[in-house]
Amino acid sequence: MTAMLDLESIARRISESVPVVIDSSRFRRRAAVAAILRCNQSDTEVLFIKRAQRPGDIFSAQMAFPGGHWEQGDPDLCATAIRETHEEIGLDLAQHGRLLGHLDFMDVTPVGRHEPMLIAPYLFALQADLPQLRFNHEVAAVHWGSLRSMVTGDAATS
């Protein structure tokens, strides 16, 4: 199982996969997130943000991937994930990341909302040492989680 979790094995499997793509033009609300991987000694880790506590925000204080809503200036949803990651945590994926591909697009209706939203998750590998991060008002913290611990259940909490 360990060999399947190294960064290059993940990159190879992503390049060989055919993820589900949903036509984004069907949605008024579109968003993209960045799942960011890095090698750390003998493990692969994934970056999570802890969203800041904000009144009225249905995602307040949740763990998430950096990301957000598509804007008119974004050429595509991958650009949205890159822009939002830079805005939220100050990480420039165009400079410090390598796009591995995307995962299945998802058609979701967030709790408390009545309109469906498209979410496009993109997978990146951190190319170099992590630069100093700067959180915006939406982010309280960044955490790196071990993929191995998640797969084996060692990361499970009650």
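In this text the structure is predicted, and so the values were computed from the model without any measurement. (Residues numbered from 1 in each chain as written. Predicted model: local features only at pLDDT ≥ 70, side-chain atom pairs only at ≥ 80, totals over all residues. Heavy atoms only, no water.)

Colleague: Is there a simple way to think about the packing of aromatic side chains in this case?
Modeller: Any two aromatic rings considered together are summarised by their centre-to-centre distance and by the angle between their planes. Enumeration over the complete set of coordinates arrives at 2 aromatic pairs. Between Phe-48 and Phe-65, the aromatic rings sit 5.4 Å apart at their centres with planes inclined by 15 degrees, giving stacked as the arrangement. Residue Phe-48 is found in strand E2 (residues 43-51), and its partner Phe-65 is found in the loop between strand E3 (63-64) and strand E4 (67-69); the two are separated by 17 residues along the sequence. Sitting over the face of the ring of Trp-70, Arg-30 holds its NZ or CZ atom 4.4 Å from the ring centroid. Here the basic side chain of Arg-38 rests over the ring of Trp-144, its NZ or CZ set 3.9 Å away from the ring centre. (Phe/Tyr/Trp six-rings, centres within 6.5 Å; stacked < 30°, edge-to-face > 60°. Helix = DSSP H or I, 4+ residues; strand = E, 2+ residues; numbered from the N terminus. Lys NZ or Arg CZ within 6 Å of the ring centre and 35° of its normal.)

Colleague: Would you mind showing me how to read helix H2 (residues 77-89) here?
Modeller: At 3.6 residues per turn, the α-helix brings residues three or four places apart onto the same side. In a regular helix each residue adds 1.5 Å, so 13 residues correspond to 18 Å; H2 covers 18 Å between its end C-alpha atoms and thus fits that length. Burial within H2 is extensive, with 10 of its 13 residues counted as buried. Every buried residue belonging to H2 is among Leu-77, Cys-78, Ala-79, Thr-80, Ala-81, Arg-83, Glu-84, Thr-85, Glu-88 and Ile-89, and all of these are buried. Downstream of H2 by a residue or two, Gly-90 has a phi angle that is positive, lying close to 75 degrees. (Expected span 1.5 Å × (residues − 1). Buried < 20%, exposed > 50% of the residue type's maximum accessible area, 1.4 Å probe, protein only.)

Colleague: Sorry, what's going on with the nonpolar core here?
Modeller: Counting 22 residues, the largest nonpolar core has Ile-36, Leu-77, Ile-89, Leu-91, Phe-105, Tyr-122 and Phe-124 as the members making the most contacts within it. Elements represented by at least two residues in this core include exactly strand E1 (29-40), E2, H2, strand E7 (117-126) and strand E8 (139-146). Ranked by residue count, the leading element in this core is E7, at 5 residues. Listed in part, the 12 residues of the second largest apolar core include Leu-5, Ala-11, Ile-14 and Leu-100. (Core = buried A, V, L, I, M, F, W, Y, C linked by side-chain atoms within 4.5 Å.)

Colleague: Just to check I follow, could you spell out the environment of Phe-27 for this structure?
Modeller: The residue Phe-27 is located in the loop between helix H1 (7-16) and E1 in this model. Between the C-alpha atoms of Phe-27 and Leu-118, which are 91 residues apart in sequence, the distance is 6.5 Å. In this structure, Phe-27 is in contact with Ile-22, Asp-107, Pro-116, Met-117 and Leu-118, ignoring residues within four places of it in sequence. (Contact = heavy atoms within 4.5 Å.)

Colleague: Just to check I follow, could you spell out the side chain of Asp-74 for this structure?
Modeller: As for its position among the elements, Asp-74 is in the loop between E4 and H2. For Asp-74, a relative accessible area of 8% translates into the label buried. Setting aside its immediate chain neighbours within four residues, Asp-74 contacts His-69, Thr-80 and Arg-83.

Colleague: Is there a simple way to think about the state of the cysteines in this case?
Modeller: In a disulfide, the sulfur atoms of two cysteines are held together by a covalent bond. Across all of its chains, the model carries 0 disulfides by this definition. Distance from the sulfur of Cys-39, which forms no disulfide, to the nearest cysteine sulfur (Cys-78) is 20 Å. (Disulfide = S-S within 2.5 Å.)

Colleague: Just to check I follow, could you spell out the pattern of salt bridges for this structure?
Modeller: Oppositely charged side chains may form a pair once their charged atoms are brought near each other. Under the criterion given, the structure shown has 9 salt bridges. Between Arg-83 and Asp-74 there is a salt bridge, with the nearest N and O atoms lying 2.8 Å from each other. We note that Arg-83, like Asp-74, is buried. Residue Arg-83 is joined to Glu-87 by a salt bridge in which the shortest nitrogen-to-oxygen separation is 3.1 Å. On the criterion of helical spacing, the pair formed by Arg-83 and Glu-87 is a turn pair, its members being 4 residues apart in helix H2. The class for Arg-83 is buried, based on a relative accessible area of 17%. Taken together, the salt bridges that share partners define one network made up of Glu-71, Asp-74, Arg-83, Glu-84 and Glu-87. (Salt bridge = Lys/Arg side-chain N within 4 Å of Asp/Glu carboxyl O.)

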